[in-house]
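Residue-level listing of the chains:
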Amino acid sequence: MTTIKIALLGFGTVAQGTFNLLQDNAELIRNRTGVNVEISKIFVRNPDKYSHITLPETAQYVTDIDEGLKDDSIQMVVELMGGTNFAKDCVEGALKAKKNVVTANKDLLAEAGPYLLDLASKNGVDLRFEASVLGGIPIIRTLYESLAGNRITEIIGIMNGTTNFILTKMSEEGLEYNDVLSDAQAKGYAERNPDADVEGYDACRKIAILASLATEKTVSYDDIYTEGITKITDIDFKYAEKMGTSIKLFGTSRIKDGKVSAYVAPVMISKNNPLYSVNDVFNGIVVKGNMLGTSMFYGSGAGKLPTASAVVADIIEAVQNIDKNVPLGWTDEKQEILPMDQTKFRYFIRVAGSYRNKEQELNEYFGKAEVVELYGMDEFAILTKEMTEGELKAAASAFDTKAQSRSEYGIKQMIRAAL
Ligand code: HSE
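Criteria and cut-off values
- Residues numbered from 1 in each chain as written.
- Predicted model: local features only at pLDDT ≥ 70, side-chain atom pairs only at ≥ 80, totals over all residues.
- Heavy atoms only, no water.
- Pairing = 2+ DSSP bridges.
- Helix = DSSP H or I, 4+ residues; strand = E, 2+ residues; numbered from the N terminus.
- Near = heavy atom within 4 Å.
- Polar contact = N/O pair within 3.5 Å; in protein donor to acceptor, adjacent residues only side chain to side chain.
- Areas by Shrake-Rupley, 256 points an atom, 1.4 Å probe, with all protein chains shown as cover.
- Expected span 1.5 Å × (residues − 1).
- Contact = heavy atoms within 4.5 Å.
- Phe/Tyr/Trp six-rings, centres within 6.5 Å; stacked < 30°, edge-to-face > 60°.
- Buried < 20%, exposed > 50% of the residue type's maximum accessible area, 1.4 Å probe, protein only.
- Lys NZ or Arg CZ within 6 Å of the ring centre and 35° of its normal.

Regarding the sheet that holds strand β5 (residues 100–103)
Part 1: Strand order in the open sheet formed by 6 strands is β3-β2-β1-β4-β5-β6, and the pairing between neighbours is parallel. The outermost strands of the open sheet, each flanked by one partner alone, are β3 (60–62) and β6 (127–128).
Part 2: As defined by bridge partners, β5 adjoins β6 across 2 bridges and the pair is classed as parallel. Within the sheet, the bridge partner assigned to Val-102 lies in β6 and is Arg-128.

Structure follows, in structure tokens:
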């Protein structure tokens with residue numbers, strides 16, 4: 001039986017998961033591929049750190065990257081180090097050496113995707129990246145393979161487990177943001193520096209990749225409006241509870257008549273929304289295609305084995321296509337993104353004071369809106385009709401100016417709503 005040798009770059013959580021999976025399911029993988037898939041070299045800076053892990057005789061740690069990239073017996077490189085500079089050099093080197101590459105590195109894809117995909121194609125090998133977006137949910141393969149006969153019109157997802165865990169706890173237990181974040185950090189769900197998750201940057205890179213796949217052009221993450229969850233409060237969830245709604249961090253992209261919108265933001269949704277019951281650290285994604293209609297996918301978006309499962313699926317597919325490039329990805333042509341001001345929503349807005357005093361002005365600025373009041377609060381909320389974000393901003397600013405002119409504090413919160 002042929003053996004395909006792999007160089008694994010990095011040996012962190014996902015890499016160890018990949019290593020374990022390939023060992024534990026070795027027979028199954030042999031039966032499915034007809035080849036022996038073998039991790040032969042593991043590139044790490046400091047092998048002593050991993051002395052507690054026993055490697056099979058066929059595998060060894062290397063500290064010189066060239067031992068992986070310049071070894072002709074190695075046909076595949078699996079990059080699981082993360083970061084962009086060194087990882088890019090390694091992936092570039094591997095592709096130029098005509099080695100297939102599998103990566104879980106969304107930052108690398110978001111930054112140099114088209115260049116590396118083109119390089120793979122020119123060298124007759126593959127660059128695969130299923131594990132870069134939503135870990136255990138096979139959304140990349142779904143877009144380029146299962147839905148290949150569709151024009152994708154909409155992708156909406158809960159793409160970040162950390163923020164979904166925080167929002168779920170706030171919703172279910174009435175807790176404040178900071179308390180839940182500290183708890184999530186203590187449990188190891190949230191990083192010490194949680195910005196990438198809570199500010200929406202992680203979800204932004206994921207939707208950039210998915211929108212790029214859907215449009216086949218480069219959707220740059222810099223062009224995607226990104227708002228995290230740090231301003232969501234326990235009071236917002238009190239209103240949400242009364243309204244029978246919830247608040248979720250969505251990554252969204254819509255494609256209509258060649259125009260593309262993309263954003264990451266907290267959105268208030270009702271129980272009817274299929275993403276309403278995606279809770280805790282789970283991810284969920286709704287995809288619409290012009291022939292398909294709507295499909296939804298649910299699962300673990302991160303974690304050792306779910307992500308390793310995606311890496312190994314890519315390894316298997318690359319093994320099955322070892323001597324050719326399978327077209328996949330997007331070009332470096334820039335996809336324009338509609339300004340956020342042109343995107344339409346309804347809006348949940350909390351306003352200081354009592355509704356009775358403000359009813360007339362609110363109608364004047366926002367049109368007729370639904371009103372929500374909580375007992376014993378010196379504030380109330382409205383749910384506006386649908387309008388563009390530009391219209392909303394203009395109305396909110398005019399309303400605030402008027403409120404401030406009478407020394408009143410105006411708008412306290414605005415959350416987009418899909419109700
Ligand atoms: N930190 C991410 C999440 C996983 O919480 O979903 C990696 O993208």
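That was the structure; now back to the text.
Details of the site of the ligand
Part 1: As a matter of local geometry, the ligand sits amid Lys-106, Asn-160, Gly-161, Thr-162, Asp-197, Asp-202, Lys-206 and Ala-302.
Part 2: Lys-106 places a side-chain nitrogen or oxygen 3.1 Å from an oxygen atom of the ligand.
Part 3: Contact between the ligand and Lys-206: an oxygen atom at 2.9 Å from a side-chain N or O atom of the residue.
Part 4: Burial of the ligand by the protein amounts to 77% of the accessible area it has alone, namely 260 Å².
Part 5: Residue assignment for the shell around the ligand shows that the elements contributing at least two residues are α7 (161–173) and α10 (201–215).

Topic: helix α1 (residues 13–24)
Part 1: In this model, α1 (12 residues) spans 16 Å end to end at C-alpha, consistent with the 16 Å of a helix rising 1.5 Å per residue.
Part 2: Structurally, α1 contributes buried residues whose contacts are with β1 (3–9), α2 (26–33), β2 (36–43) and α12 (304–320).

Quick notes on the packing of aromatic side chains
Two aromatic rings are characterised by how far apart their centres lie and by the angle between their planes.
Part 1: All told, the structure shown has 14 aromatic pairs when counted by the stated rule.
Part 2: Note on Phe-11 and Tyr-61: the rings are 5.9 Å apart at their centroids and 65° apart in plane angle, and the pair reads as edge-to-face. You can see Phe-11 sitting in the loop between β1 and α1 and its partner Tyr-61 sitting in strand β3, a full 50 residues away along the chain.
Part 3: Using a relative accessible area of 2% as the deciding quantity, one classes Phe-11 as buried.
Part 4: Look at Phe-282 and Tyr-298: their rings are 5.2 Å apart centre to centre, the planes differ by 20°, and that puts the pair in the stacked class. Residue Phe-282 is found in strand β11 (residues 282–289), and its partner Tyr-298 is found in strand β12 (residues 293–300); the two are separated by 16 residues along the sequence.
Part 5: Connected via pairs of aromatic rings, a cluster forms that spans Phe-11, Phe-19, Tyr-50 and Tyr-61.
Part 6: For Arg-45, the ring lying beneath its charged end belongs to Phe-86, and the centroid distance is 4.7 Å.
Part 7: The ring centre of Phe-345 lies 5.7 Å from the NZ or CZ of Arg-416, which sits over that ring.

Examining unusual backbone geometry
Part 1: Here Glu-216, not a glycine, exhibits a phi torsion of approximately 65°, which is positive.
Part 2: Within the secondary structure, Glu-216 is located in the loop between α10 and β8 (225–226).
Part 3: A positive phi is found at Asp-280, a non-glycine position, where the angle reads about 55°.
Part 4: With respect to the secondary-structure elements, Asp-280 resides in the loop between β10 (259–270) and β11.
Part 5: Here Asp-280 falls in the partly exposed class, since its relative accessible area comes to 31%.

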